[in-house]
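Chains, contacts and geometry: an overview
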Amino acid sequence: IIENGVDTTIFTPRTEIRKTGPLRLLCVARLIQRKGQKTLIEALKILKKEGREATLDLVGGGDDYKRLTNFVRKCRLTEQVQFLGAVERTDMPGCYRKADVFVLASHNEGMSISMLEAMAASLPVIVTKTPGVQEIVRNNQNGWIFPVGCADQLAHILRPLCDNPESARPLGMRARSSVQDRSWGKIADSYANLFLSVG
């Protein structure tokens, strides 16, 4: 098995330490039901009811856009949730650096490129318990894993991060270490060796 890679020279950590403001969440995924953005919005609703502050940037477009925007309005989260649509590839490193935590609530997932990019940017990742992500994410070490569709459990993970966003930084540093050896050059070498072995 040859897994996906990531360019750690482009996707890099932010340098400043942020001490104020709400927890900033980022999800980069197609707006389709399989990606589970509704679960993430539900968790945000729970946190808001508790008086905890968090914002969510959703990067990506898709068929579920109308349903999700209606759901955000129904949850009264229009000031907390931004739909950024498709973002230019060259602007993506900046999106990661603005965030505190990356969340991917997919119902099923392979080795997500956006997750690897977030980890390279030193973001701890919160992901669902799916085969692809479990190959690299270690619970409470470089991120957190929660059951598919479980907004309550996601909110439970997010509570202490809302109270202290900077507490996520140590896991973020370990997340970057987890992908340091996944350069696309090394991945290309793996494919070349594979082709040579069967040629």
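In this text, all values refer to a predicted model and were calculated from it rather than measured experimentally.

Remarks on the side chain of Ser 106
By secondary structure assignment, the location of Ser 106 is in the loop between strand E4 (101-104) and helix H4 (113-120). Within the structure, the side chain of Ser 106 is placed 2.6 Å from the side chain of Glu 109, a separation counted as a polar contact.

Details of the layout of surface pockets
Of the volumes computed, that of the largest pocket is approximately 250 Å³. Contributing to the lining of the largest pocket are 20 residues, with Val 28, Ala 29, Arg 30, Val 59 and Ser 114 lying nearest its centre. Among the elements that take part in the lining of the largest pocket, H4 stands out by supplying three residues, more than any other. Here the residues of the lining of the largest pocket are counted per class, giving ten nonpolar, five polar and five charged.

What about the nonpolar core?
The biggest cluster of nonpolar side chains holds 61 residues, and the ones touching the most others in it are Leu 25, Leu 56, Tyr 96, Phe 102, Met 115 and Ile 126. The biggest single contributor to this core is helix H6 (residues 151-163), with seven residues.

Examining the packing of H4 against helix H7 (residues 169-179)
At a minimum axis distance of 7 Å, the contact between H4 and H7 shows a crossing angle of 120 degrees. With respect to H7, the axis of H4 lies oblique. Seen from H4, the contacting residues are Leu 116, Met 119 and Ala 120; seen from H7, they are Gly 172, Ala 175, Arg 176, Ser 178 and Val 179. Looking at the contact of H4 with H7, its residues break down into five nonpolar, two polar and one charged.

Conventions used here
- Residues numbered from 1 in each chain as written.
- Predicted model: local features only at pLDDT ≥ 70, side-chain atom pairs only at ≥ 80, totals over all residues.
- Heavy atoms only, no water.
- Helix = DSSP H or I, 4+ residues; strand = E, 2+ residues; numbered from the N terminus.
- Polar contact = N/O pair within 3.5 Å; in protein donor to acceptor, adjacent residues only side chain to side chain.
- 1 Å grid on protein atoms, 1.4 Å probe; cavity = no way out; pocket = protein on both sides within 12 Å on 5 of 7 lines; lining within 4 Å.
- Points joined across faces, edges and corners; volume = space filled by probe spheres on them.
- Nonpolar A, V, L, I, M, F, W, Y, C, P; charged D, E, K, R; others polar.
- Core = buried A, V, L, I, M, F, W, Y, C linked by side-chain atoms within 4.5 Å.
- Buried < 20%, exposed > 50% of the residue type's maximum accessible area, 1.4 Å probe, protein only.
- Axes fitted to C-alpha atoms, helices over the stretch in contact; angles between N-to-C directions.
- Parallel < 35°, antiparallel > 145°, perpendicular 65-115°, else oblique.
- Contact = heavy atoms within 4.5 Å.

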